[in-house]
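Observations on the model geometry
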Amino acid sequence: MNKNDFGFVFDNSFAREMNGFYVNSKGADAPSPQIVLFNRSLANHLKLDSNALNSPAGANILCGNTIPEGASPLSQVYAGHQFGSFSARLGDGRAMLLGEIVDTNGQRCDLQLKGSGKTEYSRGGDGKAALGPVLREYIMGEAMHGLGIATTRALAAVTTGEIIHREGAKPGAVLSRVASSHLRVGTFQYFAARGEQEKVRQLADYAISRHYGELAGEKDKYFGLLRAVINTQLMLVAKWVHVGFVHGVMNTDNMSISGETIDYGPCAFIDTYDPGAVFSSIDHTGRYGFGNQPVMAQWNLARFAEALLGIIEPDIPEKAVAQASVLINQIPEQYTYLWLSGMREKIGLASQEENDLELVNTMLNLMEKARVDYTQFFRFLAHSAIGDDAGLQALFGKDKAIANWLESWRARIAREDLEAAARATQMNKINPVYIARNHLVEESLRAAEKGNYQAINQLLTAVSSPYKTRAGFEGFEQPAPEDFGPYETFCGT
Ligand code: AMP
Ligand code: MG
């Protein structure tokens, strides 16, 4: 392994060890690639040479025109349940994995180009991506990372100089994406559906060695893998819900084995609290709506369990089913525990009491009724923790019901031995000031599509450190103006 001029040191374990799980890919032929966003801090974290890479030569690499030394480009195969229906063969239809890099923490990451052209798995698609969705994925990944939630991240966004056709003509772009891996629930489903148990086992061993090394020596390691993926996914979804994030397209091919948020398509943050919030233009039934995400996580994890059954107890299938069912059936309770723990922290509680669930649910009902901004609520609650209710009262306007709730909350926190200022500080560390609000995202994307990247860079600054109030960013704290109307996002293809 040699370091090339851009600092890449590739070590491509998937290409080396997982023959039969991918096809080799060739690069793109973008007519005039240009880097429009470059993630310097991520590049440094990956030990890349930022100056060399953020250049015309780097643009050629980051769109797939030039393959850097040491890369072994490939497209992975996977299947997936999309909106409940099984597609036996999906795969990277517009993406290629350049290779794997070990970051400054010693963690192995994939560097993938999304939108880099047709592959064997493109089916009817053009293999391309439009600039808007590429930038949206960039923003959302950085926002998620800033919030401390596991996510893939963008290294760069590159326009290709090509016009592609979606609803109308759009500028084409490529996103270079860094992920702990691109193993999906759907990757397991692909081989399980074909009855290729040896391949399922090989994939499980690879996933264990890459993400859950502690299981490697265990007797029940495949059952352990199921448990580990359940744990990490439930943790992830609970965190999404804590910050008001709606993934929008939780198909099993968009659920990562590593527990990272992946494949940002029609995703969005809620503004007013609404468990039924759906932003995706294709989600007509609300399957992937805000409040339904834990239910869908359970559904997807049940599909993951099914894919593993044949290797959990190959000779006694009934035993594998019984074992897996125990884990799947306890998901609602497990999720509620994780979610409630985080909600306790959001309202400044340091201990557990039996009535906390009711306290939190009453609060959410009041927020829903009064159409209160979810993000602002918790920041103002920190003011209330130091005796200033003006912010919350203004948020609820004429609705006086919050006063009663505040009384119960005060009685609850009074039973804890924690100083008011310390409680407020603690709350402000986990309740963001800035989220990637829909109107800000849209505004910044429209400007970028016209070649102006000032708004997007400002938004990235805000959401990259979302817990710290910044002078000059007051507008970023505010919900969408009335005339913004209901928000709809598209699938990002
Ligand atoms: P997504 O909705 O982005 O998660 O993608 C679902 C599936 O459709 C994956 O197999 C993608 O590779 C494929 N796909 C999405 N967009 C395109 C495209 N423009 N060309 C080819 N395949 C695509
Ligand atoms: Mg996908």
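Figured I'd write up the structure that's included with this text. (Residues numbered from 1 in each chain as written. Chains lettered and ligands numbered in written order. Predicted model: local features only at pLDDT ≥ 70, side-chain atom pairs only at ≥ 80, totals over all residues. Heavy atoms only, no water.)

Applying the stated criterion to the full structure yields 21 aromatic pairs. Measuring from ring centre to ring centre gives 5.9 Å for Phe14 and Tyr22, while their planes differ by 50°; the resulting arrangement is tilted. By relative accessible area, Tyr22 is classed as buried at 14%. These aromatic residues form a ring-pair network of at least three members: Tyr273, Phe290, Tyr374, Phe377, Phe378, Phe396, Trp405 and Trp409. Just above the ring of Tyr78 sits the side chain of Arg184; from NZ or CZ to the centre is 4.4 Å. Here the basic side chain of Lys346 rests over the ring of Phe378, its NZ or CZ set 4.3 Å away from the ring centre. (Phe/Tyr/Trp six-rings, centres within 6.5 Å; stacked < 30°, edge-to-face > 60°. Buried < 20%, exposed > 50% of the residue type's maximum accessible area, 1.4 Å probe, protein only. Lys NZ or Arg CZ within 6 Å of the ring centre and 35° of its normal.)

A few words on unusual backbone geometry. Residues other than glycine seldom take positive phi values, yet Lys47 does so here, at roughly 60°. Considering the arrangement of structural elements, one finds Lys47 in the loop between helix H2 (40-45) and helix H3 (50-53). For Lys47, a relative accessible area of 47% puts it in the partly exposed group. (Helix = DSSP H or I, 4+ residues; strand = E, 2+ residues; numbered from the N terminus.)

Tallied over the full model, the rule gives 31 salt bridges. A salt bridge links Glu442 to Arg446; its shortest N-O distance comes to 2.5 Å. You can see Glu442 and its partner Arg446 sitting in helix H17 (residues 438-449), 4 residues apart, about one turn around the helix. One network of salt bridges, in which partners are shared, links Arg344, Glu353, Asp356, Arg412, Arg415, Glu416 and Arg423. (Salt bridge = Lys/Arg side-chain N within 4 Å of Asp/Glu carboxyl O.)

Attention shifts here to the site of ligand 1. Taken together, the neighbourhood of ligand 1 is formed by 18 residues, with Gly91, Gly93, Arg123, Asp126 and Gly127 sitting nearest. At 2.9 Å from an oxygen atom of ligand 1 is found a side-chain nitrogen or oxygen belonging to Arg123. Between ligand 1 and Gly127 there is a distance of 2.8 Å, counted from a nitrogen atom to a backbone nitrogen or oxygen. Contact with the protein chains hides 87% of the accessible area of ligand 1, taken as 480 Å² for the molecule alone. (Near = heavy atom within 4 Å. Polar contact = N/O pair within 3.5 Å; in protein donor to acceptor, adjacent residues only side chain to side chain. Areas by Shrake-Rupley, 256 points an atom, 1.4 Å probe, with all protein chains shown as cover.)

Any link to function would need more than the numbers given here.
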